[in-house]
Amino acid sequence: MYELIALALNAVLFLGMLYGSVQDHPVVFAAGTGHEGLACTTCHHPHAPLGSRPEWQPGTEELPHFPYYDYQVGMLDDGSRLCLSCHDGAIAPAISMPEHMQITSQIGRSVSEVGRPKYLMGSHPVGVRYDARKAALVRQPGLRAGVEIPLPDGRIQCVSCHDPHGTTGHENLLVVSNRRSELCLTCHQL
Amino acid sequence: MPVRTRRIAVPRAVRWGTFASMIGACAACAALVGCRAAAVRPEGGVASTQAAAVAPVFYPGPPARAHIVAIGPLTGHALAAKPPGKLRRAVTGETTGPALVSELLRPLSLTVRAGQILVVDVGRNAIVQIDPGTGEIRSVALKGMGEFFRPVAIATDGQGDLYVADAQAGRVIAVGSGNTVLRTYRLGDSAPFAPIDLAVSAERLYVVNRAGRRVEIFERDSGRYVGPFANSGPGRSAFPVGVALDGEGNVYVVDMAASRVRVYDPGGVLLRQIGAPGDRPGLLAQPRSVAVGPDGITYVSDAATQIVQMFRPPASLLMYFGGTGGTIGSMTMPAKVITDRTLLQTFASRLPAGFVPQYMIFVANQFGPGRIGVYAFGQVPPAGEEPTAP
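None of the values given here were measured: they were computed from a predicted structure. (Residues numbered from 1 in each chain as written. Chains lettered and ligands numbered in written order. Predicted model: local features only at pLDDT ≥ 70, side-chain atom pairs only at ≥ 80, totals over all residues. Heavy atoms only, no water.)

**Quick word on the overall build of chain A**
- Of regular secondary structure, chain A possesses 5 helices and 2 strands.
- When the 190 residues of chain A are sorted by exposure, 42% land in the buried category.
- Taking all contacts inside chain A whose residues are at least 6 apart in sequence as the whole, residues at least 24 apart take part in 39%.
- Split by element, the accessible area of chain A, about 10,400 Å² in all, is 62% carbon and sulfur. (Helix = DSSP H or I, 4+ residues; strand = E, 2+ residues; numbered from the N terminus. Buried < 20%, exposed > 50% of the residue type's maximum accessible area, 1.4 Å probe, protein only. Contact = heavy atoms within 4.5 Å. Areas by Shrake-Rupley, 256 points an atom, 1.4 Å probe, with all protein chains shown as cover.)

**Digging into the sheet that holds strand β6 (residues 137-140) of chain B**
All names here are of chain B.
- On the basis of which strands lie adjacent, the open sheet formed by 4 strands has the order β3-β4-β5-β6 and antiparallel pairing. The open sheet is flanked by β3 (107-113) and β6, the only strands paired with a single partner. Along the sheet, successive strands turn relative to each other by an average axial angle of 30 degrees, direction set aside.
- For strand β4 (residues 116-121) and strand β5 (residues 126-130), the ladder comprises 5 bridges, and the chain directions are antiparallel. Residue pairing for β5: Val120 is matched across the bridge by Ile127. (Pairing = 2+ DSSP bridges. Axes fitted to C-alpha atoms, helices over the stretch in contact; angles between N-to-C directions.)

**Brief notes about the confidence of the model for chain A**
Residue and element names in this part refer to chain A.
- Mean pLDDT over chain A stands at 71; residues scoring 70 or higher make up 66%.
- Confidence, read as mean pLDDT per element, is least for strand β1 (residues 110-112) in chain A (40) and greatest for helix α4 (residues 158-161) (90).
- Scored below 50 in pLDDT, residues 97-122 shows 74 contacts in the model against residues more than four places distant or in partner chains. (pLDDT = per-residue confidence, 0-100.)

**Description of the sheet that holds strand β13 (residues 214-219) of chain B**
Residues and elements named next belong to chain B.
- With antiparallel pairing, 4 strands are arranged side by side in an open sheet as β11-β12-β13-β14. Pairing within the sheet leaves two strands with one partner each, and these edge strands are β11 (195-200) and β14 (225-229). Sheet twist, expressed as the mean angle between neighbouring strand axes with direction ignored, is 25 degrees.
- Relative to strand β12 (residues 204-209), β11 is paired through 5 bridges, and the arrangement is antiparallel. Looking at the pairing, Ala199 lines up with Tyr206 of β12.

**Some remarks on the pattern of salt bridges**
- On inspection of all chains with the given rule, the structure shows 13 salt bridges over all chains.
- The closest approach of N and O atoms between A:Glu62 and B:Arg280, which form a salt bridge, is 3.4 Å. Here the residue A:Glu62 occupies a position in the loop between α2 (40-43) and α3 (78-86), and B:Arg280 occupies one in the loop between β18 (270-274) and β19 (287-292), the pair thus bridging two chains.
- Looking at A:Glu62, the relative accessible area reads 65%, which means it is exposed.
- In this structure B:Arg280 comes out as buried when scored by relative accessible area, which is 6%.
- The salt bridge partner of A:Asp131 is A:Arg133, with a shortest N-O separation of 3.1 Å.
- Through salt bridges with shared partners, one network takes in B:Asp157, B:Arg220 and B:Asp221. (Salt bridge = Lys/Arg side-chain N within 4 Å of Asp/Glu carboxyl O.)

**What about the state of the cysteines?**
Residue and element names in this part refer to chain A.
- Evaluation of the coordinates by the stated rule reveals 0 disulfides over all chains.
- The thiol of Cys86 is not disulfide-bonded; the next cysteine sulfur, from Cys43, is found 6.4 Å away.
- Cysteine Cys184 is unpaired, with the sulfur of Cys161 as its nearest cysteine sulfur at 8.0 Å.
- The exposure class assigned to Cys184 is partly exposed, which follows from its relative accessible area of 32%. (Disulfide = S-S within 2.5 Å.)

**Brief notes about α3(A)**
- Counting buried residues along α3(A), 8 of its 9 residues qualify, which places the element largely inside the surrounding structure.
- Listing the buried residues of α3(A) in full gives A:Asp78, A:Gly79, A:Ser80, A:Arg81, A:Leu82, A:Leu84, A:Ser85 and A:Cys86.
- Buried residues along α3(A) sit in contact with α2 and α4 of chain A together with β19 of chain B.
- N-cap assignment for α3(A): the residue whose side-chain oxygen lies 3.2 Å from the backbone N of A:Gly79 is A:Asp77. (Polar contact = N/O pair within 3.5 Å; in protein donor to acceptor, adjacent residues only side chain to side chain.)

**Let's talk about the nonpolar core**
- Formed by 65 residues in total, the largest nonpolar core has its most connected members in B:Ile127, B:Val172, B:Leu198, B:Leu205 and B:Tyr206.
- Those residues in contact with B:Ile127, other than ones at most four positions away along the chain, are B:Leu118, B:Val119, B:Val120, B:Arg138, B:Ser139, B:Val140, B:Leu142, B:Phe149, B:Pro151, B:Ile154 and B:Val164. (Core = buried A, V, L, I, M, F, W, Y, C linked by side-chain atoms within 4.5 Å.)

**Details of the confidence of the model for chain B**
All names here are of chain B.
- For chain B, mean pLDDT is 79; residues scoring 70 or higher make up 76% of the total.
- Note that residues 1-53 has pLDDT below 50 and, in this model, 94 contacts with residues that lie over four places away or in other chains.
- A low-confidence stretch, residues 91-100 stays under pLDDT 50, and its non-local contacts, those more than four residues away or across chains, total 17 contacts.
- Scoring the predicted complex yields pTM 0.85 and, for the interface, ipTM 0.77.

**Concerning the pairing of β3(B)**
All names here are of chain B.
- Within β3, 7 of the 7 residues are buried, leaving the element largely enclosed by the surrounding structure.
- Summarising the sheet, β3 and β4 pair through 6 bridges and their orientation is antiparallel. When the bridges of β4 are listed, Val112 appears paired with Ile117.

**Points about unusual backbone geometry**
All names here are of chain B.
- The linkage connecting Pro62 with the following residue, Pro63, adopts the cis geometry, with an omega of 10 degrees.
- Tracing the backbone through its elements, the reader meets Pro63 in the loop between β1 (57-59) and β2 (68-74).
- Here the residue pair Pro313 and Pro314 is connected by a cis peptide bond, since its omega of 0 degrees sits within 30 degrees of zero.
- By secondary structure assignment, the location of Pro314 is in the loop between β21 (307-312) and β22 (316-322).
- In this model, Met333 sits at a positive phi of 50 degrees, which is unusual for a non-glycine residue.
- Its location among the elements puts Met333 in the loop between β22 and β23 (334-340).
- According to the relative accessible area criterion, Met333 is buried, its value standing at 0%.

**Description of the side chain of B:Ser301**
Residue and element names in this part refer to chain B.
- Mapped onto the elements, Ser301 comes out in strand β20 (residues 298-302).
- For Ser301, a relative accessible area of 0% gives the class buried.
- Residues contacting Ser301, with those up to four places away along its chain left out, are Gln286, Pro287, Arg288, Ser289, Ile307, Val308, Pro334, Ala335 and Val337.

**Observations concerning the environment of A:Ser160**
- Within the fold, A:Ser160 resides in helix α4.
- Discounting residues that sit within four places of it in the chain, A:Ser160 has contacts with A:Ile149, A:Pro150, A:Leu151, A:Pro152, A:Arg155 and A:Val175.

What follows is the structure, encoded as structure tokens:
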């Protein structure tokens, strides 16, 4: 079922970009999600076959591709960096890194909201490995709630807890509702 | 499948090594602000890893003639004075007032006023002032603004007044020379207003309103709300995140969703568009900010590709700089880009010999080893020609 939805979404995305219409007529998400109204290409940047040769960088070699959200070993992945690029306090609510968190140099530090007590969760490590051998963690994260928790490269990233498309319809774009700590309990055991 | 790249093709171990040596070098010399090491000349090539970390980086690289030189990040490590100690804090209660801060956490926006660089740091929830001459860095307390002040954008006008946007409280304030609040700009009670970027002309204040997904116009001196800017027709920007003005008063609006910069005349008529979605030179992925140099060159920062591209009117690509190579010119999720002529003298001694600068460029990076990237625009004169003073 999920594959079908993904396939359909992808077809929409692909066709949209094929006709160059996505960015001019934004595909609208289900109402009520924080990301509604964002065009797919705001997050899914297309790869372009062509570019223009810089006047001051003449040459004949093929024009380069710039990697998106380039990252280095052990850091937040490109998906998390995508989130942080908008969640800066201006474009969208800030998720701030603690003082010494430099996403290019450290991993596993907490994500916390600076100056906003509203963010109840306070902080949670992001970029850390999900090591299922640890007693406090569930052997197969997500099975309890019947959903799949994405763990890119085996690590906790923003998409582990958040579904950027809001397809599940849970509060705060969560992959699992956190009522009665349900989200937490899909990865942790008491 | 036309979704984002998940993996990168750059040799990571190599870059990580360069990067680690960079941190080591920075820790040793404390900072590049006012630090002589930043002026290491490029002649003779790169001799050691330490030199590699601080030697200027030229864009475009050889054999093309360089027009941009990166001279290292401007950070606050080089404190001229020590932050208030425990005792002093206990006695004076100096925790929220104007205090020396040691470094920037998450700078989003910046401007230059009276020889000082003013940075909005959302990580500290503060305006931080950096003296590029001494490297002194301190937070700025605005009189009459309490702790509920959440600055996200900052700009200066020709008279030295500051304009600061507070997205959460829905207001822009004008701040005079004594750091006193002169005026407040707001929309009507019911209209949603979340200002996230600003541009000031002699008569107008242009404000990007995230909540309304449009640009608003205010009368600069009276604070009166004029109305939305270019808010209808096919040329409308659906997801504006940045705004800037050129010398003729034309308005440049960054539309993040459309991956374009749109240029309007002051009346809101669309003149031209810069960029299209993509990951090649001349294309934009997640454009974040725009600036127009005194020569009319348009600078566009891109949070996804982490470069700044330079276009000349109408929309041709001149070159690009930044990227993620782990050098002092690299960028990490760049936000605001500005150009400035007033600090040329301050930085002149740190520019490499033979480079004739025309103006400075500053880039606020949200993360990474160097939060404020310092660049100069100019050129290396062809061999045989005498370099002229700026």
